[in-house]
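# Survey of secondary and tertiary structure
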Amino acid sequence: MDWKSKRVRTILEAALAEDKVANDITTALTIDAGLRASGTIIAKQACVVSGLGCIPVFLDIFAKMSTGPVGRFEVISHPEIFDGVKVKKGQTLAVIRHNAAAILSCERVILNLMQRMSGIATLTNEFVKAVAGTKTKVLDTRKTIPGLRALDKYAVCCGGGVNHRLDLQDGILIKNNHIALGGGLPVVLERALKGRKTGQVVQVEVRSQTELEQAIAGGAESILLDNMTPPKIPIEASGNMNLKTVRDYALAGVDFVSVGALTHSAIAVDMSMRITADIY
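The present account deals with the structure reproduced in this document. (Residues numbered from 1 in each chain as written. Predicted model: local features only at pLDDT ≥ 70, side-chain atom pairs only at ≥ 80, totals over all residues. Heavy atoms only, no water.)

### Structural notes on the sheet that holds strand β9 (residues 222–225)
The sheet built from six strands is open, its strands ordered β6-β11-β10-β9-β8-β7 with parallel pairing. Looking at the sheet topology across the chains shown, the edges are occupied by β6 (137–139) and β7 (172–174). Recorded for the sheet is a direction-independent mean angle of 25° between the axes of neighbouring strands. Strand direction decides the pairing type here: strand β8 (residues 202–205) and β9, joined by three bridges, are parallel. From the neighbouring strand, V204 faces β9, where its bridge partner is I223. Of the strands in this sheet, β7 and β8 are in contact with helix α7 (residues 185–195), which crosses β8 at around 160°. (Pairing = 2+ DSSP bridges. Helix = DSSP H or I, 4+ residues; strand = E, 2+ residues; numbered from the N terminus. Axes fitted to C-alpha atoms, helices over the stretch in contact; angles between N-to-C directions. Contact = heavy atoms within 4.5 Å.)

### Description of the state of the cysteines
As enumerated under the stated definition, the model contains zero disulfides in all. Counting only cysteine sulfurs, C54 is the nearest neighbor of C106, a cysteine outside any disulfide, at a range of 10 Å. Here C157 stays free of any disulfide, with the sulfur of C158 as its closest cysteine sulfur at 7.1 Å. C157 sits in the partly exposed class, given a relative accessible area of 38%. (Disulfide = S-S within 2.5 Å. Buried < 20%, exposed > 50% of the residue type's maximum accessible area, 1.4 Å probe, protein only.)

### Re the pairing of β9
Neither face of β9 is open: one carries S222 and L224, the other I223 and L225, and all of them are buried. Chirality of the crossover, the property in question, places the unit of β8, helix α8 (residues 209–218) and β9 among those that are right-handed. With three bridges connecting them, β9 and strand β10 (residues 235–237) associate as parallel partners. Paired with I223 across the strands is I235, a residue of β10. (Right-handed = clockwise from strand over helix to strand, strands pointing away.)

### Looking at the packing of helix α1 (residues 6–18) against helix α3 (residues 54–65)
Axis angle and axis distance: for two packed helices, these are the angle between their axes and the distance between the axes, and together they describe the pair. For the pair α1 and α3, the least separation of the axes is 10 Å and the interaxial angle reads 60°. Looking at the two axes, α1 sits oblique to α3. In this structure, the crossing between α1 and α3 has a hand that is right-handed. In this structure, α1 uses R9, L12, E13, A15, L16 and A17 to contact α3, whose residues at the interface are C54, V57, F58, D60, I61, F62, K64 and M65. Class assignment of the residues belonging to the contact of α1 with α3 gives a composition of ten nonpolar, no polar and four charged. (Parallel < 35°, antiparallel > 145°, perpendicular 65-115°, else oblique. Left-handed = near helix turned anticlockwise from the far one by under 90°. Nonpolar A, V, L, I, M, F, W, Y, C, P; charged D, E, K, R; others polar.)

### What about the sheet that holds strand β1 (residues 36–43)?
Adjacent strands of a sheet form backbone hydrogen bonds with each other and so pair up, either parallel or antiparallel. Read across the open sheet, the four strands follow the order β3-β5-β1-β12; overall the sheet is antiparallel. Every other strand in the sheet has two partners, leaving β3 (74–76) and β12 (271–277) as the edge strands with one partner each. Between one strand and the next, the sheet's axes are offset by a mean angle of 20°, whatever the strand orientation. Of the strand pairs in this sheet, β1 and β12 are connected by seven bridges, and their pairing is antiparallel. Pairing of I42 across the sheet is with S272, part of β12. Sitting on the sheet, α3 touches β1, β3 and β5 (92–99), and the angle it makes with β5 is about 15°. In the packing of helix α4 (residues 100–130) onto the sheet, the strands contacted are β1, β5 and β12, and the crossing angle to β12 comes to about 160°.

### Regarding α4
An ideal rise of 1.5 Å per residue puts 45 Å on 31 residues; α4 measures up with 43 Å between its terminal C-alpha atoms. Most pronounced at C106, the bend in α4 amounts to some 45°. Across the 31 residues of α4, 24 count as buried, placing the element largely inside the fold. The backbone nitrogen of A101 has a side-chain oxygen 2.9 Å away, supplied by the residue at the start of α4, namely N99. (Expected span 1.5 Å × (residues − 1). Bend = angle between axes of the 7 residues up to and from the residue. Polar contact = N/O pair within 3.5 Å; in protein donor to acceptor, adjacent residues only side chain to side chain.)

### Details of the layout of surface pockets
Size it by volume and the largest pocket reaches roughly 450 Å³. Lining the largest pocket are 24 residues, and of these T141, K143, K175, S238 and S258 lie nearest its centre. (1 Å grid on protein atoms, 1.4 Å probe; cavity = no way out; pocket = protein on both sides within 12 Å on 5 of 7 lines; lining within 4 Å. Points joined across faces, edges and corners; volume = space filled by probe spheres on them.)

### Considering the pattern of salt bridges
Applying the stated rule across the entire model yields ten salt bridges. R97 is the salt-bridge partner of E74, the closest N and O atoms lying 3.6 Å from each other. In this pair, E74 sits in strand β3 while R97 sits in strand β5, placing the two residues 23 residues apart along the sequence. Under the relative-accessibility criterion, E74 is labelled partly exposed at 31%. The partly exposed category is assigned to R97, whose relative accessible area is 32%. (Salt bridge = Lys/Arg side-chain N within 4 Å of Asp/Glu carboxyl O.)

Below, the structure is given as structure tokens:
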């Protein structure tokens with residue numbers, strides 16, 4: 001993840017602006033503007049970490065938003081703590097040394113993002129472990145929070161999952177609505193194969209044995225199906241995928257399982273920030 005990229009920085013700027021961090025009235029009225037402090041981020045449950053890189057970027061953006069000087073800062077983490085690592089309950093993830101007001105104003109936004117990303121990474125890792133020992137890979141979907149897709153999909157990778165399409169331009173996936181509106185599977189598949197760009201794989205979602213046969217006969221290069229016998233081309237299973245059923249799909253021989261729940265239903269990991277006065 002390039003945390004300094006314009007795309008990611010824009011997301012983080014919007015998060016800080018939403019919380020009006022430069023106008024934290026409570027902190028302004030109660031905390032000495034020159035006070036220094038340490039903020040220790042602690043995992044309150046076992047999890048897979050994701051989002052550590054957001055901390056210095058948030059603080060850098062805050063410095064530019066702030067109406068007054070906030071001074072230097074540093075973010076310290078143990079060499080064994082990084083995105084994708086599994087941590088235990090109670091472990092310290094990072095320590096921020098900075099102006100106390102800056103830490104207080106950014107605390108909730110930093111925790112919100114890291115809790116969500118770590119939640120996605122942790123859930124993804126559970127699915128990855130559930131299919132361990134098979135050839136099946138766990139894919140994400142486009143069922144992400146609008147505006148946060150880059151971060152959601154990065155978190156999936158931290159958990160050991162594989163990114164599917166990043167956006168609608170990233171690949172050709174013919175689904176049931178395309179088939180219904182486009183004149184039937186053979187027609188839309190032929191159009192897609194003729195109009196695609198070099199290197200683009202044409203995948204078809206099928207709902208019946210007839211559609212499966214049509215997709216194979218029409219030259220589909222990948223099939224997306226649910227509870228059907230896998231043909232001898234790359235197969236992706238989707239639909240109501242959960243931790244109780246995903247291994248059954250893997251043992252049936254599918255190459256991929258796509259799990260929308262990784263990003264639309266992950267429960268945020270419980271984290272906290274302990275802030276103490278620190279003169280240095």
